[in-house]
Amino acid sequence: MKKLPSKCPSCGANLIITELACEKCKTIVRGEFPLNRFLLLSPQEENFLLVFLISRGNLKEVQERLNISYPTAKSRLEEVIKSLGLSEEEKKEKEEREKGKIEKIEDILKKIESGDLTGEEALKLIEEEENE
């Protein structure tokens, strides 16, 4: 069975699903649906995760099954955690980005309130912020 592509072949960005279809009645549902985070794993990460689960989280057993060292097993586990967006470092970075966006929007709102910006100018700035 082929794996659903998760990265754009042109730029490497994550893909989204925009259409679902029923085989039986041919109903089509359109929209923007994010991919399941597990589809974003590389084949190596997917295999590691499978072995990790079969080994019930025992890294010593994982290293034996995959014939790798303990530090390599631990490193691969960290890669999987990061790829799934579960690392504390990544969570902190995301929170900081969101906090920065909120601060910029609050600044824009203050400028509207003081008359330094029009609604149109503010909307343009917010759209630019979203595209960054």
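Residues numbered from 1 in each chain as written. Predicted model: local features only at pLDDT ≥ 70, side-chain atom pairs only at ≥ 80, totals over all residues. Heavy atoms only, no water.

## Let's talk about the environment of K101
No. 1: As for its position among the elements, K101 is in helix α4 (residues 88-114).
No. 2: The class of K101 is partly exposed, set by a relative accessible area of 22%.
No. 3: Distance in space between the C-alpha atoms of K101 and E130 is 8.4 Å, their sequence separation being 29 residues.
No. 4: Excluding anything up to four places from it in sequence, K101 contacts E129 and E130. (Helix = DSSP H or I, 4+ residues; strand = E, 2+ residues; numbered from the N terminus. Buried < 20%, exposed > 50% of the residue type's maximum accessible area, 1.4 Å probe, protein only. Contact = heavy atoms within 4.5 Å.)

## A short note on the environment of I17
No. 1: As for its placement among the helices and strands, I17 is situated in strand β1 (residues 16-21).
No. 2: Residues I17 and P34 lie 17 residues apart in sequence; the distance between their C-alpha atoms is 6.2 Å.

## So, the packing of helix α1 (residues 43-54) against helix α2 (residues 59-66)
No. 1: Contact pair α1 / α2: the axes reach a minimum separation of 9 Å and the direction vectors enclose 125°. Here α1 lies oblique to α2, going by the angle between them. The handedness of the crossing between α1 and α2 comes out as right-handed. Counted together, N47, F48, V51, F52 and I54 of α1 and L59, V62, R65 and L66 of α2 form the full contact between these two elements. (Axes fitted to C-alpha atoms, helices over the stretch in contact; angles between N-to-C directions. Parallel < 35°, antiparallel > 145°, perpendicular 65-115°, else oblique. Left-handed = near helix turned anticlockwise from the far one by under 90°.)

## Section: the layout of surface pockets
No. 1: Computed from the structure, the largest pocket encloses a volume of approximately 220 Å³.
No. 2: What lines the largest pocket is simply N14, L15, I16, P34, L35, N36, R37, L40 and S83.
No. 3: Residues that form the lining of the largest pocket fall into these classes: 5 nonpolar, 3 polar and 1 charged.
No. 4: Each pocket or cavity is described by its volume, and for the second largest pocket that value is around 170 Å³.
No. 5: Lining of the second largest pocket is provided by R37, L84, G85, E90, K91, K94, R97 and E98.
No. 6: Taken together, the residues that form the lining of the second largest pocket break down as 1 nonpolar, 1 polar and 6 charged. (1 Å grid on protein atoms, 1.4 Å probe; cavity = no way out; pocket = protein on both sides within 12 Å on 5 of 7 lines; lining within 4 Å. Points joined across faces, edges and corners; volume = space filled by probe spheres on them. Nonpolar A, V, L, I, M, F, W, Y, C, P; charged D, E, K, R; others polar.)

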